[in-house]
Amino acid sequence: MLHATETLHRYEARTFDDAVYEIIGASFEDAALEFADLFHQSAVELTDCETGERRCFSLDVA
């Protein structure tokens, strides 16, 4: 749940088969969970579109 003080970020989500999506989230972790929920994939590389920072996530999707 977002709180009024949280800033949303725009992330580029890239799968290991090079598909690219835009995800909005309050943090990298939030965006990774949103990606898994929307696309039912367990691995993603996220890039913060403002800062260029990248992080990779591997999630257990049930």
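Let me begin by describing the structure that accompanies this report. Numbering of residues starts from 1 in every chain and runs along the sequence as written. With the structure being a predicted model, the display of local features is reserved for residues of pLDDT at least 70 and the display and counting of side-chain atom pairs for 80 or more, all residues being used for whole-chain, interface and lining totals. Side-chain measures were taken over the full set of non-hydrogen atoms in the model, leaving aside hydrogen atoms and water.

**Side note on the overall build of the protein chain**
Part 1 of the argument: Tallying secondary structure elements over the protein chain gives one helix and four strands in all.
Part 2 of the argument: The secondary structure listing takes helices from DSSP runs of H or I that are at least 4 residues long and strands from runs of E that are at least 2 residues long, numbered from the N terminus. When the helices and strands of the protein chain are placed in sequence order, the string is β-β-α-β-β.
Part 3 of the argument: Contact criterion: two residues are considered in contact whenever any of their non-hydrogen atoms come within 4.5 Å of each other. Pairs at least 24 apart in sequence give 31% of the contacts found in the protein chain among residues at least 6 apart.
Part 4 of the argument: Where accessible areas are quoted, they stem from the Shrake-Rupley method and a 1.4 Å probe; at the residue level, only the protein chains shown are allowed to cover. Working note: accessible area of the protein chain is about 4400 Å², and carbon and sulfur atoms make up 48% of it.

**Here we look at the sheet that holds strand β1 (residues 9–14)**
Pairing between sheet strands relies on hydrogen bonds along the backbone, with the strands arranged either parallel or antiparallel.
Part 1 of the argument: Strand order in the open sheet made by the four strands is β2-β1-β3-β4, with antiparallel pairing throughout. Two strands lie at the open edges of the sheet, namely β2 (20–25) and β4 (54–58), each paired on one side alone. On average, each strand axis in the sheet is inclined to that of its neighbour by 30°, with strand direction left out of account.
Part 2 of the argument: Two strands make a pair as long as DSSP finds a minimum of two bridges between them. In the sheet, β1 pairs with β2 via six bridges, with the strands oriented antiparallel. Within β2, the residue paired with Tyr11 across the bridge is Ile23.
Part 3 of the argument: Whenever a helix is involved, its axis is fitted only over the stretch in contact; in every case the axis is a line through C-alpha atoms, and angles between N-to-C directions fall within 0 to 180 degrees. Of the strands in this sheet, β1, β2, β3 (43–48) and β4 touch helix α1 (residues 28–39), which is tilted by about 125° from β2.

**Observations regarding the side chain of Thr47**
Part 1 of the argument: As for its position among the elements, Thr47 is in strand β3.
Part 2 of the argument: Not counting residues up to four positions away in its chain, the partners in contact with Thr47 are Arg10, Tyr11, Glu12, Gly52, Glu53 and Arg54.

**Some words on the packing of aromatic side chains**
Part 1 of the argument: For Phe, Tyr and Trp, where Trp contributes only its six-membered ring, two rings pair if their centres lie within 6.5 Å, and the inter-plane angle classes them as stacked under 30 degrees, edge-to-face over 60, or tilted in between. Considering all chains together, one arrives at four aromatic pairs under this definition.
Part 2 of the argument: A ring pair is formed by Phe35 and Phe39, whose centres lie 5.2 Å apart and whose planes are at 40°; its orientation type is tilted. Here Phe35 and its partner Phe39 are both found in helix α1, four residues apart, which amounts to about one turn of the helix.
Part 3 of the argument: Only protein chains enter the accessibility calculation, which uses a 1.4 Å probe; a residue whose area is less than 20% of its type maximum is buried, one above 50% is exposed, and one in between is partly exposed. Judged by its relative accessible area of 29%, Phe39 is partly exposed.
Part 4 of the argument: An aromatic cluster is defined as three or more aromatic residues linked by ring pairs; in this entry it consists of Tyr21, Phe35 and Phe39.

**Notes on the pattern of salt bridges**
Part 1 of the argument: Counted as salt bridges are all cases of a side-chain nitrogen of Lys or Arg within 4 Å of a carboxyl oxygen of Asp or Glu. Summed over the entire model, instances satisfying the criterion amount to five salt bridges.
Part 2 of the argument: Salt-bridge contacts for Glu53 lead to Arg55; the nearest nitrogen and oxygen are separated by 3.1 Å.
Part 3 of the argument: Given the relative accessible area of 36%, Glu53 is considered partly exposed.
Part 4 of the argument: You can call Arg55 partly exposed: its relative accessible area is 33%.
Part 5 of the argument: Among the charged side chains, a network of salt bridges with common partners joins Glu12, Arg14 and Asp18.

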